[in-house]
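The chain contents come next:
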Amino acid sequence: VETVRMLAVAIVGFAIMGTLHPLILVTLFVTAGLSCIANDRVSAYTKRTVWDVLSSWWRKNNYVYDTCTDFKAAKDIRMFHLSSWLLDKKRELGVFRVKMQWKNEKAWLLFGIFDRIMWTASQIVIYWFIVDSVVKGKVTVGNAFLYVSASGAFYTSVSMVFSNLTNLRQRSREVSDFRS
């Protein structure tokens, strides 16, 4: 439902922005498309290098947790002096999890920076055309505000549609994991 609403907003924004200059539309589509591609790549990268790698971590962490909290194993742990070994395993697992989480956060931080750069580039082009049109007298000040607000809504809606497509691809990768 949200995608359909955003698609409708994108169509209206397309009609409004198309009256000003076609280069604005191209800029908005290209920057939103590049952000979408980058989002998809980062999603695939983090799945492959972080979450797939952590699948064995979950199993090991659950085993250590269950062993440490199960009273059935308490006698064996005391008898064979396994408590320090289990604590070391728990620490190793914690360090590994933090490293993987850091890798994930770093990838998404870089994507966020790239996404904001794309948004800024699109806004620079839009404002340049709008200010240029106002200075040359092609557009009134009232219409300039319409174009500014329409460009923001248009970029947001196109980005959301592209983001929803990326989310579909991400879910597809997850379903493929369950099938294999």
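Residue positions within a chain follow its written sequence, with the count starting from 1. Local features in this predicted model are restricted to residues whose pLDDT is 70 or higher, and side-chain atom pairs enter the listing and the counts only when it is 80 or higher, whereas totals over whole chains, interfaces and linings include all residues. Computation of side-chain values: all heavy atoms of the structure, hydrogens and water removed.

Digging into the nonpolar core
Part 1 of the argument: Core analysis: the largest hydrophobic core is formed by 18 residues, its most contacted members being M17, L20, I24, L28, I130, Y147 and F154.
Part 2 of the argument: A run of H or I in DSSP counts as a helix once it spans at least four residues, and a run of E counts as a strand once it spans at least two, with each numbered from the N terminus. Sorting the residues of this core by element identifies α1 (2-18), α2 (22-51), α5 (83-135) and α6 (141-179) as the ones contributing at least two each.
Part 3 of the argument: Among the elements that make up this core, the one with the highest residue count is α6 (six residues).
Part 4 of the argument: Leave out the neighbours within four places in its chain, and I24 touches M17, I126 and F129.
Part 5 of the argument: To form a nonpolar core, buried Ala, Val, Leu, Ile, Met, Phe, Trp, Tyr and Cys residues must be joined to one another through side-chain atoms within 4.5 Å. Only protein chains enter the calculation, and the probe is 1.4 Å; a residue is then buried if its accessible area is under 20% of its type maximum, exposed if over 50%, and partly exposed in between. One finds V50, W57, V64 and L93 within the second-largest nonpolar core, a separate group that totals six residues. Here, two residues are considered to be in contact whenever any of their heavy atoms come within 4.5 Å of each other.

Digging into the packing of α1 against α2
Part 1 of the argument: At a minimum axis distance of 8 Å, the contact between α1 and α2 shows a crossing angle of 140°. When α1 is examined against α2, the residues F14, M17 and G18 are found in contact with a partner set consisting of I24, L25 and F29.
Part 2 of the argument: Polar here means any residue outside two lists: the nonpolar Ala, Val, Leu, Ile, Met, Phe, Trp, Tyr, Cys and Pro, and the charged Asp, Glu, Lys and Arg; Gly therefore counts as polar. Considering only residue class, the contact of α1 with α2 consists of five nonpolar, one polar and no charged. The convention used is that axes are lines fitted to C-alpha atoms, helices contributing only their stretch in contact, and that angles between N-to-C directions extend from 0 to 180 degrees.

Re the pattern of salt bridges
Part 1 of the argument: Whenever a carboxyl oxygen of Asp or Glu lies within 4 Å of a side-chain nitrogen of Lys or Arg, that contact is scored as a salt bridge. On inspection of all chains with the given rule, the structure shows eight salt bridges.
Part 2 of the argument: Its salt-bridge partner being E92, residue K89 comes within 3.6 Å of it at the nearest N-O pair. In this pair, K89 and E92 both sit in helix α5, three residues apart, roughly one turn of the helix.
Part 3 of the argument: With a relative accessible area of 30%, K89 lands in the partly exposed category.
Part 4 of the argument: The structure contains a network of salt bridges with shared partners spanning D40, R169 and R173.

A few points about the packing of aromatic side chains
Ring pairs (aromatic) are described by centroid distance and by the angle formed between their planes.
Part 1 of the argument: Each aromatic pair joins two rings of Phe, Tyr and Trp (for Trp, the six-membered one) with centres within 6.5 Å, and gets the label stacked for planes under 30 degrees apart, edge-to-face for over 60, and tilted for any other angle. Throughout the structure, instances matching the rule amount to five aromatic pairs.
Part 2 of the argument: Taking 5.6 Å as the distance between ring centres and 90° as the angle between the ring planes, the aromatic pair formed by F29 and F154 counts as edge-to-face. In this pair, F29 sits in helix α2 while F154 sits in helix α6, placing the two residues 125 residues apart along the sequence.
Part 3 of the argument: Residue F154 is classed as buried on the basis of its relative accessible area of 0%.
Part 4 of the argument: Each ring, one from W108 and one from F111, has its centre 5.7 Å from the other, and the planes form 90°; the classification is edge-to-face. Of the two residues, W108 and F111 both sit in helix α5, three residues apart, roughly one turn of that helix.
Part 5 of the argument: The class for W108 is partly exposed, based on a relative accessible area of 28%.
Part 6 of the argument: Through pairs of rings, three or more aromatic residues link up here, namely F14, F29 and F154.
Part 7 of the argument: Lying across the ring of W57, R97 places its NZ or CZ 5.3 Å from the centre. We count a charge as sitting over a ring when the NZ of a lysine or the CZ of an arginine lies within 6 Å of the ring centre and within 35 degrees of the ring normal.

Side note on the environment of I16
Part 1 of the argument: With respect to the helices and strands, I16 occurs in helix α1.
Part 2 of the argument: Since its relative accessible area comes to 24%, I16 is described here as partly exposed.
Part 3 of the argument: The spatial distance from the C-alpha of I16 to the C-alpha of L146 is 8.7 Å, given a sequence separation of 130 residues.

So, a nonpolar patch on the surface
Part 1 of the argument: Exposure above 30% relative accessible area and no salt bridge define the residues that can form patches, which grow by joining like charges within 9 Å and nonpolar side chains of Val, Leu, Ile, Met, Phe, Trp and Tyr within 5 Å. Here the accessible surface of atoms and residues is derived via Shrake-Rupley with a 1.4 Å probe, and residues count as covered only by protein chains that are part of the display. On the surface, L23, V26, V30, L34 and I37 cluster together into a nonpolar patch covering about 400 Å² of accessible area.
Part 2 of the argument: Tracing the sequence through the fold places V30 in helix α2.

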